[in-house]
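So the chains spell out like this:
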Amino acid sequence: MNIFQKYTARSLMKNKSRTIVTIIGILLSTAMVTAVIQAANSGLEYLKRVEIDENGAYHALFRNIDAPEINTLLQTGLAKDMTAWQEVGWAMIGSTNEDKPFLLIEAVPDDLEDFVAVHLLSGRFPENDSEILLPKHLSYNGGVAFEIGDVLTLEVGTRTPSDQYYPLTMSNGYVKEEEPLANCPAHTYPVVGVYARFSYEVEPYSCPGYTALTKGTADGPTTLFVTFRKVQEIYDQVDSGSLTTLRDKFVAHSDLIRLSGSFRNGNLVSLLYGFVTILILLIGFGSVMLIYNSFSISVSERTKQFGILKSIGATKKQIRQSVLFEGFLLCLAGIPLGILSGCIGIGITLWCLRNNFTFLMGSTVEMKLVISPIGLILTVFISLVITLISAWIPAGRAIRISAIDSIRQSQDIKLKGKKLRTSPLTKKLFGFEGMMASKNFKRNKKRYRSTIVSLFLSIVLFISTSAFCAYLTRSVEGIMSSDSNEDLSYYIAGDEGTRPDAEEVFQLLSSAQGVDGVSQYAEKQDAFRIDPELVREDHYSKTDSNEEDASLSYYYLSYVFLDDASFQTLCEENHLSPQRYMDSEHPLGLLFNREVIIETDGNQNAKWKTYSLLKENSLPCEIVRICTREIPGYLPYGPNVTVDGQEMVAYYPTKYLLSYQRGEIDTLDIAMADLYPTEEVEKKTTFPIGALIETTPMGLSANQPMMFYPDCCREAVVGDEYSYVMDYSIRAQNHELAYNNIKYALQEHGLDTSRLHNHAADRESERMLVTVIRVFSYGFIVLISMIAIANVFNTISTNIALRRREFAMLRSVGLTEGSLQKMMNYECLIYGLKSLLYGLPISFGITYLIWKATTDTVELPFSLPWPAVGIAVGSVFAVIFITMLYSIQKLKGDNPIDALKNENL
């Protein structure tokens, strides 16, 4: 260590306060960079583990590969590890699925699970080639019932159509009656277990058989599963490298390859890298400001010392190296502590959010911190660069000043007397202390500007991020609120004679354990003609408008018949008397009058907007449903036409109309249409409306106009019409319990379970996603704010320390401690007001831009994040005053004479 390095180390030890704050700044900067990089790496590794858990660790498979081709693959040196299964054969299994009549039996090795995920649902794996493991979808997709312990006797052979000389594999679809099985010896297999269906890469959807597994080897076509050493090169090697001869047999595990770093067929990794880069740039900008201010103040403080060193022969290079060595010493302390803090912080955060990620991904794999050594090296490099850049700039400024100017310190303050003049009003309002505070602010604007800029950035960052989080949450909630409010749903469909009895299904759902309530409804949509006098002028558009006669314009509306109990509840929720609207002789409907649509502009930007259909003073009223008679080979299209004073419906030939809709014909020729009088082909049904409502029943989306009637009024409104679909909305506090019990009950009664849906789980997933975003957003802003606070503390405290002689001089001429504190309070006020004067308008402007960007998707009213504004304003003054009090307290014990003698800290 040379003399300059020793001098630098001694200077750091002498100025402990500034040194500690600078180390804290480096620590925070490094911690944030560490957290961002390691969080991104942990997220990527988590997605990889989920993909491996769900589908397997293989990178690619080669279907129908032979021994010479396997040797070719081995000779390339690209494969890291591999395993294979062989086809035993195909057997007719009695499937009800016409496209999948076979059972495909594959002989698998012991290490298959190291490459392919086999999710065992019940039972165990086969232990030899006389046992078999069946897929679950053989029962629900193929209609073949089986139990563990059943013994299957199968005639296992090969698929060889008469017009081909080679056997077909799972890649070839079923040729129906043209491919009888050949060479079919009988095999007996006891069923030892059931597993979940493979992914489509392993078992293509076009495969005409259900893949069953047995243990051992076989003589049939081989499927090879491979992991590669350099995953990023897989596609290039297959396209134009050493694997081109295997291209036709290559099937990529594309999701795992993409998550492993390949930028082809998906930009997830590149998007993640880009996001991390942006965050690091933001962190770097804030960190450079903090650390730069520390070095700038340090260099300003030591300007006279540098001048003396220059006068005795120190070179510019030695001066610069002294400053950079100072930065290096600070990095030795700050970077390791920052890496440790960042890893601990993000590790705790991910651990706390582990259940959210598990729920979002629907996997049992837990999120955890996965430390990347390369990421740690990158963090050290980035933090070192940030610190050295922060030190390089002020070092360059110091070496440009001549030795004599450095000793005289004539560069620090260059002001003319008139620039220090203050308004007489300032002295009148704030006294002598306020006037001195104002002059101090003017005489060294560079020193104060850094503090104000730091405060300004912290205000802008905190309020803007708070606004972003608020609008993000409101957007998601707005979209979610337009969705149905049911926890579970189920529906039955089909002709009246073939579908299940609606009332029996209702009772079955209602009696399931965990169900709190069930609503039953039948919904249909038709074209309605509405008097234009009833429609709001600002309604977005007419579904099928007639520009010449608005009275002929049509609107597509849904009408819903609720079970009587649910309809009564709907009336009570909207403060209406149920008796008035449940009179079967004089039915009156309820109209939900709000419509939420997605509008696109010329640039195809989507936006959610809300409209109302009917005027509020238009009730009671009637709207008319128009149903046209079906004519084979023709379709009604366009507005009605008038011929000799009679209204006619135009029916165009179906093929001609399709040509028009495909753009093959520019305009429709009315001469091509058959015209029928409206009274012959149109059936009109009147729907009376008695009230407008603000809420919809459970299960019905609140984003389109709907008419509601009780089931007891169905015949009075639509006669003997019958809905082919009956929906059930289910309310359940414990939705998982209710879902499982309902699913079991449906299976027991032989009903389709695929029509049961868990909406509550979807909403929980959305809420958890918002929670994750909030945690990371606010965590980021908290850390950035800490950097800003450290910057302010460092700048103010060091500035106060540098004014030690100034305060001593003021005390020597009679300034009391109270007056000094008063002067500092006014300086704090100037700091706070100046930073708020610049920070708040900019923050409001950025908030407005965030709102504009948000309203491109969802219609939301503009609002400022007032709680965040209040926190920002309070925090600014709190940080300033606390820092001032701390700095002044340190100077109170100074002897004025000793302070006047000292020229440096």
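The structure presented is a predicted model; accordingly, all values stated were derived computationally and were not measured.

Colleague: How would you summarise the pattern of salt bridges if you had to cite specific residues and measurements?
Modeller: Under the criterion given, the structure shown has 10 salt bridges. The closest approach of N and O atoms between Asp526 and Arg625, which form a salt bridge, is 3.5 Å. Within this pair, whereas Asp526 is found in strand β14 (residues 517–529), its partner Arg625 is found in strand β19 (residues 621–628), the two being separated by 99 residues in sequence. Across the pair, Arg625 and Asp526 agree in class, each one buried. For Glu647, the salt bridge identified is with Arg529, shortest N-O distance 3.9 Å. Placement of Glu647 in strand β22 (residues 646–653) and of Arg529 in strand β14 is noted, with a sequence separation of 118 residues between them. Glu647 gets classed as partly exposed once you look at its relative accessible area, which sits at 23%.

Colleague: Tell me about helix α16 (residues 564–573), and name the residues and values.
Modeller: One full turn of an α-helix is made of 3.6 residues, so residues set three or four places apart face in the same direction. Those residues of α16 that sit buried are Ser566, Phe567, Leu570 and Cys571. Here the buried residues of α16 occupy an arc of 145° about the axis, which is enough to place them on one side. Where α16 terminates, the next one or two residues include His575, which has phi positive at roughly 60°.

Colleague: Let's hear about the environment of Leu591: which residues, and what values?
Modeller: By the secondary structure assignment, Leu591 is in strand β16 (residues 589–592). Taking the C-alpha atoms as reference, Leu591 lies 8.8 Å from Glu694; in sequence the two are 103 residues apart. Beyond its immediate sequence surroundings of up to four residues, Leu591 is in contact with Leu614, Ile689, Ala691, Leu692, Ile693, Pro705, Met706 and Met707.

Colleague: Please set out unusual backbone geometry residue by residue, giving values where relevant.
Modeller: Even without being glycine, His575 reaches a positive phi, approximately 60°. Along the chain, the position of His575 falls in the loop between α16 and α17 (578–581). The backbone phi angle of Asp644 is positive, close to 55°, even though this residue is not glycine.

Colleague: Describe the packing of helix α1 (residues 3–14) against helix α9 (residues 316–352), listing the residues and the values that go with them.
Modeller: Taken N-terminus to C-terminus, the directions of α1 and α9 make an angle of 50°; their axes are 9 Å apart at the nearest point. On the basis of the axis angle, α1 is oblique to α9. Pair α1 / α9 crosses with right-handed handedness. Side by side, α1 and α9 meet where Phe4, Gln5, Thr8, Ala9 and Leu12 of the first sit next to Gln318, Ser322, Phe325, Glu326, Leu329 and Leu330 of the second. When its residues are assigned to classes, the contact of α1 with α9 shows six nonpolar, four polar and one charged.

Colleague: Tell me about the side chain of Thr847, and please be specific about residues and values.
Modeller: Positionally, Thr847 belongs in helix α24 (residues 817–854). Residue classification places Thr847 among the buried residues on the basis of a relative accessible area of 0%. Leave out the neighbours within four places in its chain, and Thr847 touches Ile463, Ala467, Tyr471, Phe862, Ser863, Leu864 and Pro865.

Colleague: Describe the packing of aromatic side chains, listing the residues and the values that go with them.
Modeller: Scanning the model with the defined rule gives 20 aromatic pairs in all. Aromatic pair Tyr235 and Phe250: ring centres 6.4 Å apart, planes at 85°, arrangement edge-to-face. Of the two residues, Tyr235 sits in helix α5 (residues 234–240) while Phe250 sits in strand β12 (residues 250–252), which places them 15 residues apart along the sequence. We classify Phe250 as buried; its relative accessible area is 16%. Relative to Phe561, the ring of Tyr559 has its centre 6.1 Å away and its plane inclined at 85°; by these criteria the two rings are edge-to-face. Grouping residues by exposure puts Tyr559 and Phe561 together as buried.

Colleague: Residues and numbers for the nonpolar core, please.
Modeller: Counting residues in hydrophobic clusters, the biggest one holds 30 residues, and the most contacted among them are Phe807, Met823, Tyr831, Ile880 and Met884. When residues of this core are traced back to their parent elements, those giving at least two are α13 (424–443), α14 (445–481), α22 (759–802), α23 (804–812), α24 and α25 (866–891). Ignoring anything within four residues of it in the chain, the contact list for Ile880 reads Leu455, Ile796, Cys828, Tyr831 and Gly832.

Colleague: Describe the side chain of Ser519, listing the residues and the values that go with them.
Modeller: With respect to the helices, strands and loops of the structure, Ser519 is situated in strand β14. At 3.1 Å, the side chain of Ser519 and the side chain of Ser566 are in polar contact. Setting aside its immediate chain neighbours within four residues, Ser519 contacts Leu562, Asp563, Ser566, Met698, Asp727, Tyr728 and Ser729.

Colleague: Mind laying out the pairing of β14, listing which residues take part and the relevant values?
Modeller: Of all 13 residues in β14, 10 are buried; the element is thus mostly enclosed. Sheet topology places β14 next to strand β26 (residues 725–731); five bridges connect them, and they run antiparallel. Along β26, the bridge assignment pairs Gly517 with Arg731. Here β14 runs beside β19; their pairing, made up of two bridges, is antiparallel. In the strand pairing of β19, Arg529 is matched with Val624.

Conventions we followed
Residues numbered from 1 in each chain as written. Predicted model: local features only at pLDDT ≥ 70, side-chain atom pairs only at ≥ 80, totals over all residues. Heavy atoms only, no water. Salt bridge = Lys/Arg side-chain N within 4 Å of Asp/Glu carboxyl O. Helix = DSSP H or I, 4+ residues; strand = E, 2+ residues; numbered from the N terminus. Buried < 20%, exposed > 50% of the residue type's maximum accessible area, 1.4 Å probe, protein only. Arc of directions from axis to C-beta. Contact = heavy atoms within 4.5 Å. Axes fitted to C-alpha atoms, helices over the stretch in contact; angles between N-to-C directions. Parallel < 35°, antiparallel > 145°, perpendicular 65-115°, else oblique. Left-handed = near helix turned anticlockwise from the far one by under 90°. Nonpolar A, V, L, I, M, F, W, Y, C, P; charged D, E, K, R; others polar. Phe/Tyr/Trp six-rings, centres within 6.5 Å; stacked < 30°, edge-to-face > 60°. Core = buried A, V, L, I, M, F, W, Y, C linked by side-chain atoms within 4.5 Å. Polar contact = N/O pair within 3.5 Å; in protein donor to acceptor, adjacent residues only side chain to side chain. Pairing = 2+ DSSP bridges.

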